[in-house]
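Below are the chains, spelled out letter by letter.
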Amino acid sequence: MPHVKLHIPGPVEVSEKTFKAFCSPMIGHRGQGFKDLYAKIQPQLQQLLYTKQLVYLSTSSAWGVMEGSVRNLVHKKVLNCMCGAFSDKWFDVSKKCGKSAEALQVEWGSPIRAELIDAKLATGEFDALTLIHNETSTGVMSPLCEIAALKKKYPDVMFIVDAVSSLTALPIKFDELGIDVLLAGTQKAFALPPGLAVFAASPAALAKAATTKDRGYYFDFVEFQKNAEQSMTPSTPSIGHVYALSSKLDDFFAEGLEARFARHAKTNQLTRDWAAKHGFNLFPEKGYESVTLTCVSNGARPGGRTVDVAKLQKLVKDQGFLIDGGYGKIKGTTFRLSNMGDETEATMNQLYVALDQAMAQL
Ligand SMILES: *Cc1c(COP(=O)(O)O)cnc(C)c1O
């Protein structure tokens, strides 16, 4: 079967170099070889997250750490900021963990605004909030800096931030923002195979976790910190992933973070231009569009072009590219094109050519 190149917003295309690194010969996770490997990537991860805190490696998808954050850090009540499929689900997950939780729901396509959070936190009911920086289902990026600025006003509230589809595509300065948890699965913006997540926790989050009785074992933040201090993980990690991450981090710094950020901005703009050229509107509220994927309106917003999305997908797939036909309740009334990971102007242009040819047949 010929490979169909992934332009869905996760998992994304994985390079041959990354796969080669993934297939490095196995080593023991308590031996010096692993410790050296983790110690080598730790400063790179810290630079990527703009933090002095240790960055942890979790052998899980992002949801493991998303659930773990709730289990470690919510004592009183958590405010789940909801603007799409992933952030909406975090509310359900909080309740499934037995936590008292409240939904701060905005319409899909809109961002979470700082004023909304401020009004909720002012009640004094909450000791934690969850926020998805880049809501992958709607292609909306919420204003993280403005939201994080609230931490000064509510120092006892744990700010838990998912940057699954944005971390590495633009600067997210963990220490400077003052947030408490920053997490990312690595099959999206990192362009690794699925199965690994990275995260950092603030000193306040670690102190609070230590006082949480029912935080469990697999995602116990205190265990992650204790082990990371020895360049280890609490349980046996997916060692192939750690090799792949090491190779990827070398790629990031060879390119340079600034150049990487600029590349994402550029390729994303080209995708927006492609949509405009064909008469489509974008789904996100203006000014809050993601830089790693484009959620194109196909009738979800008034006006603009509409096409048979299933047909578009098929015509593009026949040319070797997989695009996404919309997520959850906006399936078919939107479609999504990803520029995450290793994509360049040249590789994105190949996608636009295939899309143009498909459009000509619709
Ligand atoms: C994909 C995604 C998740 C879930 O990731 P899993 O790897 O399936 O656990 C969570 N948040 C965001 C923003 C995502 O894009």
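Residues numbered from 1 in each chain as written. Predicted model: local features only at pLDDT ≥ 70, side-chain atom pairs only at ≥ 80, totals over all residues. Heavy atoms only, no water.

Draft legend 1. Looking closely at the overall build of the protein chain. Assigned secondary structure in the protein chain consists of 13 helices and 14 strands. For the protein chain, the C-alpha radius of gyration of 20 Å lies close to 21 Å, the compact-globule estimate for 362 residues. The principal-axis extents of the C-alpha atoms in the protein chain amount to approximately 60 × 55 × 35 Å. Burial status across the protein chain gives 60% buried among its 362 residues. Long-range pairs, those at least 24 residues apart, make up 71% of the contacts in the protein chain between residues at least 6 apart in sequence. Just so you have it, the protein chain exposes about 14200 Å², and 56% of that area is on carbon and sulfur atoms. Of the charged side chains in the protein chain, 40 are positive and 37 negative, and the gap between their average positions amounts to 2 Å. (Helix = DSSP H or I, 4+ residues; strand = E, 2+ residues; numbered from the N terminus. Rg over C-alpha atoms; globule rule 2.2 N^0.38 Å. Buried < 20%, exposed > 50% of the residue type's maximum accessible area, 1.4 Å probe, protein only. Contact = heavy atoms within 4.5 Å. Areas by Shrake-Rupley, 256 points an atom, 1.4 Å probe, with all protein chains shown as cover. Lys, Arg positive; Asp, Glu negative; His and termini not counted. Charge placed at Lys NZ, Arg CZ, Asp CG, Glu CD.)

Draft legend 2. Fine view of the nonpolar core. Ranked by size, the top nonpolar core spans 81 residues in total, and within it Ile117 and Leu245 carry the most contacts. If we ignore the near neighbours within four places in the chain, the residues touching Ile117 are Leu79, Cys81, Leu104, Ile112, Leu129, Ile147 and Leu150. In terms of nonpolar packing, the next biggest core, distinct from the first, is built from 22 residues, Trp274, Leu282, Val307 and Leu337 among them. (Core = buried A, V, L, I, M, F, W, Y, C linked by side-chain atoms within 4.5 Å.)

Draft legend 3. Spatial organisation of the sheet that holds strand E11 (residues 281–282). Strand order in the open sheet formed by 3 strands is E11-E12-E14, and the pairing between neighbours is antiparallel. One side of each edge strand has no neighbouring strand; the edge strands of this open sheet are E11 and strand E14 (334–338). As defined by bridge partners, E11 adjoins strand E12 (residues 293–297) across 2 bridges and the pair is classed as antiparallel. Its bridge partner lying in E12, Leu282 is registered against Val296. Sitting on the sheet, helix H11 (residues 257–277) is in contact with E11, E12 and E14, with an inclination near 15° to E12. (Pairing = 2+ DSSP bridges. Axes fitted to C-alpha atoms, helices over the stretch in contact; angles between N-to-C directions.)

Draft legend 4. A look at the pattern of salt bridges. Using the criterion set out here, one finds 19 salt bridges in the structure. Between Lys153 and Asp118 there is a salt bridge, with its nearest N and O atoms 3.0 Å apart. Of this pair, Lys153 sits in the loop between helix H6 (144–148) and strand E8 (158–162) while Asp118 is found in helix H5 (residues 114–121), placing the two residues 35 residues apart along the sequence. Since its relative accessible area comes to 53%, Lys153 is described here as exposed. (Salt bridge = Lys/Arg side-chain N within 4 Å of Asp/Glu carboxyl O.)

Draft legend 5. Inspection of the sheet that holds strand E4 (residues 101–105) at higher detail. Reading across the sheet, the 7 strands line up as E2-E10-E9-E8-E5-E3-E4 and stay open at both edges, with mixed pairing between neighbours. Every interior strand has two partners, whereas the edge strands, strand E2 (55–58) and E4, have only one. Adjacent strand axes in the sheet meet at a mean angle of 20° when their direction is disregarded. Across the sheet, helix H2 (residues 32–48) is in contact with E2 and strand E10 (197–201); its angle to E2 comes to roughly 120°. Sheet strands touched by helix H3 (residues 62–73): E2, strand E5 (128–132), E8, strand E9 (181–185) and E10. Its angle to E9, the strand with the most contacts, is close to 160°.

Draft legend 6. Spatial organisation of the pairing of E8. Across the 5 residues of E8, 5 count as buried, placing the element largely inside the fold. The side-chain alternation of E8 yields two buried faces, one formed by Met158, Ile160 and Asp162 and the other by Phe159 and Val161. One ladder, built from 5 bridges, connects E5 with E8; its direction is parallel. Residue pairing in the sheet places Thr130 in a bridge with Ile160 of E8. Here 3 bridges tie E8 to E9, and the two strands are oriented parallel to one another. Looking across to E9, one finds that Val161 is bridged to Leu182.

Draft legend 7. The packing of H11 against helix H13 (residues 345–360), seen in detail. Between H11 and H13, whose axes approach to 10 Å, the crossing angle comes to 15°. Between H11 and H13, the angle is such that the two are roughly parallel. Seen from above, H11 lies across H13 with right-handed handedness. Contacts between H11 and H13 involve Lys266, Thr267, Leu270, Thr271, Trp274 and Lys277 on the former and, on the latter, Glu345, Met348, Tyr352, Leu355, Asp356 and Met359. Partitioned by chemical class, the residues of the contact of H11 with H13 number 6 nonpolar, 2 polar and 4 charged. (Parallel < 35°, antiparallel > 145°, perpendicular 65-115°, else oblique. Left-handed = near helix turned anticlockwise from the far one by under 90°. Nonpolar A, V, L, I, M, F, W, Y, C, P; charged D, E, K, R; others polar.)

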